Amino acid sequence: MVFPTDTVYGLAARPDVPGATGRVFEAKRRPRGLTLPLLCPDLSRAEEVAIIDDRARYLAERFWPGGLTIVLRRSVRSASWDLGDDRTTVGVRVPAHQVALAVLLRAGPLAVTSANPSGEPTPRDCHGVREALREAVDVYLCAGSTGGVASTIVDLTGAQPAVLRQGAVSTADIEAAFR
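I will try to describe carefully the structure that is included in this document. (Residues numbered from 1 in each chain as written. Predicted model: local features only at pLDDT ≥ 70, side-chain atom pairs only at ≥ 80, totals over all residues. Heavy atoms only, no water.)

**With respect to the overall build of the chain**
Okay, so step 1: Helix and strand counts for the chain stand at six helices and eight strands.
Okay, so step 2: Written out in order from the N terminus, the α and β elements of the chain read β-β-α-β-α-α-β-β-α-β-α-β-β-α.
Okay, so step 3: Relative to the compact-globule value of 16 Å for 179 residues, the chain shows a C-alpha radius of gyration of 15 Å, a close match.
Okay, so step 4: In terms of its C-alpha atoms, the chain occupies a principal-axis envelope of roughly 45 × 30 × 30 Å.
Okay, so step 5: Across the chain, every contact between residues at least 6 apart in sequence was considered, and the portion connecting residues at least 24 apart equals 63%.
Okay, so step 6: Accessible area of the chain: about 8400 Å², with a carbon and sulfur share of 52%.
Okay, so step 7: Counting 21 positive and 20 negative side-chain charges, the chain places the averaged centre of each group 1 Å from the other. (Helix = DSSP H or I, 4+ residues; strand = E, 2+ residues; numbered from the N terminus. Rg over C-alpha atoms; globule rule 2.2 N^0.38 Å. Contact = heavy atoms within 4.5 Å. Areas by Shrake-Rupley, 256 points an atom, 1.4 Å probe, with all protein chains shown as cover. Lys, Arg positive; Asp, Glu negative; His and termini not counted. Charge placed at Lys NZ, Arg CZ, Asp CG, Glu CD.)

Below, the structure written as structure tokens:
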């Protein structure tokens with residue numbers, strides 16, 4: 001399924017359904033070494049799939065919903081999910097988009113990646129996504145254009161926070177949050 005988020009259109013699957021995330025890797029031609037993050041409708045649902053410590057809670061309360069993905073240790077619930085080669089960590093995010101939140105409230109946490117072939121630019125609208133992914137995707141939920149900037153990714157699995165990708169939330173804002 002493809003649906004809009006506050007950052008880019010996302011290609012999604014239920015992580016608790018065997019084989020579903022494999023279709024995402026295939027449709028996107030994404031290497032399995034790039035683990036799929038999870039989008040959640042709120043912080044409480046993120047706590048079900050990741051171990052949220054004080055640092056993560058602080059960032060989540062400051063930047064969610066929004067364009068920040070936080071990499072954490074997986075919870076017991078998500079430990080067996082096929083999100084890629086890394087079986088110990090998971091990126092989690094709560095998007096600030098009404099359509100995305102409505103889907104997530106009904107479906108639960110979804111494994112979601114940008115809706116584009118791996119290594120290619122992500123289209124900002126559904127027409128561009130359809131052109132890029134074609135029949136590799138069964139369902140397209142279209143709702144206008146997106147912000148076009150991917151989420152910032154912060155890894156909190158180590159002693160110090162590490163910005164893995166600069167995106168919608170600036171590195172300066174992340175650093176300021178920890179001062």
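**Some points on helix H1 (residues 20-28)**
Okay, so step 1: Turning to H1, its buried residues are Ala20, Thr21, Val24, Phe25, Ala27 and Lys28.
Okay, so step 2: The inward-facing, buried residues of H1 contact strand S2 (10-13), strand S6 (110-114) and helix H5 (126-133).
Okay, so step 3: Positioned one or two residues after H1, arginine 29 has a phi angle of 60°, which is positive. (Buried < 20%, exposed > 50% of the residue type's maximum accessible area, 1.4 Å probe, protein only.)

**Details of the pattern of salt bridges**
Okay, so step 1: Summed over all chains, the structure comprises 10 salt bridges.
Okay, so step 2: Glutamate 48 is the partner of arginine 77 in a salt bridge, and the nearest nitrogen-oxygen pair spans 2.7 Å. Note that arginine 77 is positioned in the loop between strand S4 (68-73) and strand S5 (89-93) and glutamate 48 in helix H2 (residues 43-49), a separation of 29 residues in sequence.
Okay, so step 3: Classification of arginine 77 as partly exposed rests on a relative accessible area of 36%.
Okay, so step 4: On the basis of relative accessible area, glutamate 48 is assigned to the partly exposed category, the value being 34%.
Okay, so step 5: Three or more residues joined by partner-sharing salt bridges are found here, namely Arg32, Asp82 and Arg87. (Salt bridge = Lys/Arg side-chain N within 4 Å of Asp/Glu carboxyl O.)

**Section: the pairing of strand S7 (residues 152-155)**
Okay, so step 1: Burial along S7 is two-sided: Thr152 and Val154 facing one way and Ile153 and Asp155 facing the other are all buried.
Okay, so step 2: The pairing of S4 with S7 spans four bridges and is classified as parallel. Counterpart to valine 71 in the pairing with S7 is aspartate 155.
Okay, so step 3: Relative to strand S8 (residues 162-165), S7 is paired through three bridges, and the arrangement is antiparallel. Pairing of isoleucine 153 across the sheet is with arginine 165, part of S8.
Okay, so step 4: In this structure, the hairpin formed by S7 and S8 is closed by a connection of six residues. (Pairing = 2+ DSSP bridges.)

**Quick notes on unusual backbone geometry**
Okay, so step 1: Cis rather than trans, the peptide bond between tryptophan 64 and proline 65 has omega equal to -10°.
Okay, so step 2: Looking at where proline 65 falls in the secondary structure, it is placed in the loop between helix H3 (54-63) and S4.
Okay, so step 3: Positive phi, close to 60°, is recorded for arginine 29, a residue that is not glycine.
Okay, so step 4: Accessibility expressed as a relative area gives 56% for arginine 29, which makes it exposed.
Okay, so step 5: In this structure, arginine 134 is a non-glycine residue whose phi angle is positive, near 45°.
Okay, so step 6: Mapped onto the secondary structure, arginine 134 falls in the loop between H5 and S7.

**Looking at the packing of aromatic side chains**
Okay, so step 1: Scanning the model with the defined rule gives zero aromatic pairs in all.
Okay, so step 2: Here the basic side chain of arginine 32 rests over the ring of phenylalanine 25, its NZ or CZ set 4.5 Å away from the ring centre. (Phe/Tyr/Trp six-rings, centres within 6.5 Å; stacked < 30°, edge-to-face > 60°. Lys NZ or Arg CZ within 6 Å of the ring centre and 35° of its normal.)

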